[in-house]
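What follows is each chain in one-letter form.
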Amino acid sequence: MSFFTYKDVYFEDGVKVLEVNLLPEKYCNFDCIFCPIGRSQNKIDEKVSFEDQEQDIKELLERIDKNEIELVFINSKGEAFVNEKLSEIIDLIKSKNVKVRLLSNGYVLGKDECRKIANKCDEVIGELKVLEEEDFQKVQRPIAGYTIEEYISNMIEFNKQYKGKFIFEITIIKGYNDDQESIAKLKTIIKQLQPEEIQVVRLEEEHFQKKLGISDERFEQIKKGIDVILY
Ligand code: SF4
């Protein structure tokens, strides 16, 4: 069974990028109400041994060669660390002298094993969507026992020892983190985290716009406020 999926190859700042999903269906440790992939039937933060990946891995490496790819962006249907072959796949890509960017929601970066794997990547993206414990439980519906405090501290501790480029993606959501108090909290977190790059985004899916979307004007204001943070 073949399950890796790809986006069309594209250029980003002159770098040729191949974006790949390494999961057969959604596997995530969260179950966000606004997840673009849908509900989490497999809410998990353990590794899963998916069968028959050899052909997929071979095809990934062939695509890298054929398209002269310079960076592979691992952007999976959920949490890529669930695929037990993630480490091996990263090694194979790196053996071709190709850079790796890994997207994670960031919670499992607190685990030793995941940290070691992420350390092999040139770029790691960690995310933050809400700031309060109650909101975290209500709208991101993580695995039992997860807390927002641990989530944030897992990313901070990871980046203290990480040598690559940590990209912090903040999603602005109406009613959850778009007020002045939340923006001040975000700035404090950014100062502790010290990411190399900050990406401020909002929910793009049309069906979330009415309840959770913010206006263009407020979005630009928030982006400007966050962009000027110096550390
Ligand atoms: S962390 Fe991302 S993939 Fe996981 S449920 Fe939330 S939005 Fe979906």
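Residues numbered from 1 in each chain as written. Predicted model: local features only at pLDDT ≥ 70, side-chain atom pairs only at ≥ 80, totals over all residues. Heavy atoms only, no water.

S.K.: What is the right way to read the pattern of salt bridges from this model?
M.R.: Where side chains of opposite charge bring their charged atoms close, a pairing between them can arise. The full count for this structure, using the stated rule, is 21 salt bridges. Lys7 is the partner of Glu19 in a salt bridge, and the nearest nitrogen-oxygen pair spans 3.2 Å. Note that Glu19 is positioned in strand β3 (residues 15–21) and Lys7 in the loop between β1 (5–6) and β2 (10–12), a separation of 12 residues in sequence. Across the salt bridge formed by Asp31 and Arg141, the nearest N and O atoms sit 3.8 Å from each other. (Salt bridge = Lys/Arg side-chain N within 4 Å of Asp/Glu carboxyl O. Helix = DSSP H or I, 4+ residues; strand = E, 2+ residues; numbered from the N terminus.)

S.K.: How do you make sense of the pairing of strand β7 (residues 99–103) when you look at a structure like this?
M.R.: Of all 5 residues that make up β7, 4 are buried, and the element is covered over most of its length. Strand direction decides the pairing type here: strand β6 (residues 71–74) and β7, joined by 4 bridges, are parallel. Bridging across to β7, Val72 finds its partner in Val100. Traced from β6 through helix α2 (residues 86–94) to β7, the parallel crossover comes out right-handed. Pairing geometry for β7 and strand β8 (residues 123–128), over 3 bridges, is parallel. Paired with Leu102 across the strands is Val124, a residue of β8. For the segment spanning β7, helix α3 (residues 112–119) and β8, crossover handedness is right-handed. (Buried < 20%, exposed > 50% of the residue type's maximum accessible area, 1.4 Å probe, protein only. Pairing = 2+ DSSP bridges. Right-handed = clockwise from strand over helix to strand, strands pointing away.)

S.K.: Explanation requested: the UniProt feature "coiled-coil region" (unreviewed entry) in the chain in the structure shown.
M.R.: Mapped onto the present numbering, the UniProt feature "coiled-coil region" (unreviewed entry) falls on residues 50–77. End C-alpha atoms of residues 50–77 are separated by 14 Å, and the span's content is 46% helix alongside 14% strand. (UniProt positions renumbered as here; feature names shortened; annotations may be inferred.)

S.K.: Honestly, the environment of Gly164 in this entry has me stumped. Any pointers?
M.R.: Among the structural elements, Gly164 can be located in the loop between α5 (148–161) and β9 (165–172). As for Gly164 and Val124, which are separated by 40 residues in sequence, their C-alpha atoms are 7.5 Å apart. In this view, Gly164 contacts Asp122 and Glu196; residues no more than four positions away in its chain are not counted. (Contact = heavy atoms within 4.5 Å.)

S.K.: I tried to follow the packing of aromatic side chains on my own but got confused; where do I start?
M.R.: How two aromatic rings sit relative to each other is given by the distance of their centres and the angle of their planes. Per the stated rule, a full pass over the model turns up 12 aromatic pairs. Their ring planes at 80° and their centres at 6.2 Å tell us that Phe30 and Tyr107 sit as a pair that is edge-to-face. With Phe30 in the loop between β4 (27–28) and β5 (42–43) and Tyr107 in the loop between β7 and α3, this residue pair connects regions lying 77 residues apart in the sequence. Side by side, Phe30 and Tyr107 carry an identical accessibility label, which is buried. Aromatic side chains Tyr107 and Tyr146 sit 3.7 Å apart centroid to centroid with 10° between the ring planes, which places their arrangement in the stacked category. Here the residue Tyr107 occupies a position in the loop between β7 and α3, and Tyr146 occupies one in the loop between α4 (133–140) and α5, the gap between them amounting to 39 residues. Residue Tyr107 is classed as buried on the basis of its relative accessible area, which comes to 4%. A relative accessible area of 8% means that Tyr146 is categorised as buried. Three or more aromatic residues link up through ring pairs in this structure, and these residues are Phe30, Tyr107, Phe136, Tyr146 and Tyr151. Seen from the ring of Tyr6, Arg63 lies directly overhead, with NZ or CZ sitting 3.8 Å from the centre. (Phe/Tyr/Trp six-rings, centres within 6.5 Å; stacked < 30°, edge-to-face > 60°. Lys NZ or Arg CZ within 6 Å of the ring centre and 35° of its normal.)

S.K.: Would you explain the site of the ligand in this entry?
M.R.: As a structural note, the neighbourhood of the ligand is formed by Lys26, Cys28, Phe30, Asp31, Cys32, Cys35, Ile37, Gly78 and Asn105. Of the pockets mapped on this structure, the ligand occupies the largest pocket. Within the shell around the ligand, the residues separate by chemical class into 5 nonpolar, 2 polar and 2 charged. (Near = heavy atom within 4 Å. 1 Å grid on protein atoms, 1.4 Å probe; cavity = no way out; pocket = protein on both sides within 12 Å on 5 of 7 lines; lining within 4 Å. Sits in = over half its atoms within 2 Å of the grid points. Nonpolar A, V, L, I, M, F, W, Y, C, P; charged D, E, K, R; others polar.)

S.K.: What's the story with the packing of helix α6 (residues 180–193) against helix α8 (residues 216–227) in this structure? I'm lost.
M.R.: Between α6 and α8, the shortest axis-to-axis distance is 10 Å and the interhelical angle comes to 30°. Seen along the crossing, α6 lies across α8 with a hand that is right-handed. Two secondary-structure elements touch here, α6 through Gln180, Ile183, Leu186, Lys187 and Ile190 and α8 through Arg218, Ile222, Gly225 and Ile226. In the contact of α6 with α8, the residues fall into 5 nonpolar, 2 polar and 2 charged. (Axes fitted to C-alpha atoms, helices over the stretch in contact; angles between N-to-C directions. Left-handed = near helix turned anticlockwise from the far one by under 90°.)

S.K.: Before we go on, may I ask you to explain α3 in this structure?
M.R.: Residues spaced three or four apart along an α-helix point in a common direction, a consequence of the helix completing one turn every 3.6 residues. Here α3 has its buried residues at Cys114, Arg115, Ile117 and Ala118. With its buried residues spanning 165° around the axis, α3 presents them on a single face. α3 presents Asp112 and Lys116 as exposed residues on the side facing more than 90 degrees away from its buried surface. Contacts from the buried residues of α3 go to α2, β7, β8 and α5. (Arc of directions from axis to C-beta.)

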